[in-house]
Amino acid sequence: MKITSTILALLIGSCALAQMKFPAVSSHSEVEQKVGLTKFEIEYNRPNVNGREVFGKLVPNGEVWRTGANENTVIKFDKPIKVNGQELAAGEYALYSIPNKEEWEVIFYKDTKNWGNPKEWKESNIALKVKAKSTKSMNNKTETFEIRFTNVTQKSANLVLAWDNTTVVLDIETNTINEVLKMIGDQLNENSSARDFYNAANFYYSNKLDRNQALKWVNTALEKDANAPDYYKELKTNLEKNNY
């Protein structure tokens, strides 16, 4: 089989075109965060201000915004959570929002396969809609749109949306406390290691739970390990002094 010079030129031209790669106008970003025992993943695209007036003009007030650029901003988590006190099942959601001057509505939407807003908005796809206060700072601007986690503890965190001079904060709460309490109740016994007893005591201490129970567990840890690290003894001292 012969390949003519014309076909060969087209093939070479196609390969040359395929090799051309240009940077995205809005950079792609991925965020991973563990909050207690719950794993969060966020994938989104980050537009820049570029000297534009953002909220109220580029992003109109009172209208659904993709909360980023290009395809859906997607948030995943592997355990049920609460957002601003409202329950949300584990899963994968597109993150939409409706900005306004003083308050936003943030929407967790079940269909994650859209470029921007869905062609057909379906109320049945709204898993959760919450309200969150919008704050502005003329002295602290975020050039590139950012989604981040702050104030991360064993059981909670803040999910922050920030762009230009606007910041919106969502309160995220996990079920870590109940999960760990169940695990301790099911698994901690006389055959458990000194480390397990220390960890149980330290978890109670960190989360301001039953001090007397925590003290019993750290004492058991010290009895089981004659060469226990100094921080075992430090925890015992803090519990005895009620240094919560």
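Here the structure is a predicted model, which is why all the values come from computation and not from measurement.

Relative to each other, helix α3 (residues 194–206) and helix α4 (residues 211–224) sit at 155°, their axes nearing to 8 Å. One element, α3, and the other, α4, form an angle in the roughly antiparallel class. Judged by the twist between their axes, the crossing of α3 over α4 is left-handed. When α3 is examined against α4, the residues A194, F197, Y198, A200, A201 and Y204 are found in contact with a partner set consisting of Q213, A214, W217, V218, T220, A221 and K224. Here the contact of α3 with α4 is composed, by residue class, of 10 nonpolar, two polar and one charged.

Another aspect to go through is the layout of surface pockets. For the largest pocket, the calculated volume is near 280 Å³. Lining the largest pocket, in full, are Q154, V180, M183, I184, Q187, L188, S192, D196, N199, A200, N202 and F203. Looking at the lining of the largest pocket, the elements with two or more residues in it are α2 (176–187) and α3. Top contributing element to the lining of the largest pocket by residue count: α3, with five residues. Of the residues in the lining of the largest pocket, the class split is six nonpolar, five polar and one charged. By volume, the second largest pocket amounts to about 210 Å³. When the residues that make up the lining of the second largest pocket are grouped by side-chain class, the tally is eight nonpolar, two polar and three charged.

When the domains of the protein are assigned, the result is domain 1 (27–174) and domain 2 (188–241). On a C-alpha basis, the centres of domain 1 and domain 2 stand 39 Å from each other.

Turning our attention to the environment of K119. Within the secondary structure, K119 sits in the loop between β7 (103–109) and β8 (126–136). K119 sits in the exposed class, given a relative accessible area of 90%. Between the alpha carbons of K119 and G185 there is a distance of 50 Å; along the sequence they are 66 residues apart.

With 14 residues, α4 should reach 20 Å at 1.5 Å per residue; the first-to-last C-alpha distance of 20 Å fits that figure. Every buried residue of α4 is accounted for by A214, L215, W217, V218 and A221. Looking straight down α4, one finds that the buried residues subtend no more than 165° of arc, so they occupy a single side. Turned more than 90 degrees from where α4 packs its buried face, K216 and E223 sit exposed. Residues of α4 that are buried in the fold lie against α2, α3 and α5 (230–240).

Criteria and thresholds
Residues numbered from 1 in each chain as written. Predicted model: local features only at pLDDT ≥ 70, side-chain atom pairs only at ≥ 80, totals over all residues. Heavy atoms only, no water. Axes fitted to C-alpha atoms, helices over the stretch in contact; angles between N-to-C directions. Helix = DSSP H or I, 4+ residues; strand = E, 2+ residues; numbered from the N terminus. Parallel < 35°, antiparallel > 145°, perpendicular 65-115°, else oblique. Left-handed = near helix turned anticlockwise from the far one by under 90°. Contact = heavy atoms within 4.5 Å. Nonpolar A, V, L, I, M, F, W, Y, C, P; charged D, E, K, R; others polar. 1 Å grid on protein atoms, 1.4 Å probe; cavity = no way out; pocket = protein on both sides within 12 Å on 5 of 7 lines; lining within 4 Å. Points joined across faces, edges and corners; volume = space filled by probe spheres on them. Domains from an automatic or database assignment. Buried < 20%, exposed > 50% of the residue type's maximum accessible area, 1.4 Å probe, protein only. Expected span 1.5 Å × (residues − 1). Arc of directions from axis to C-beta.

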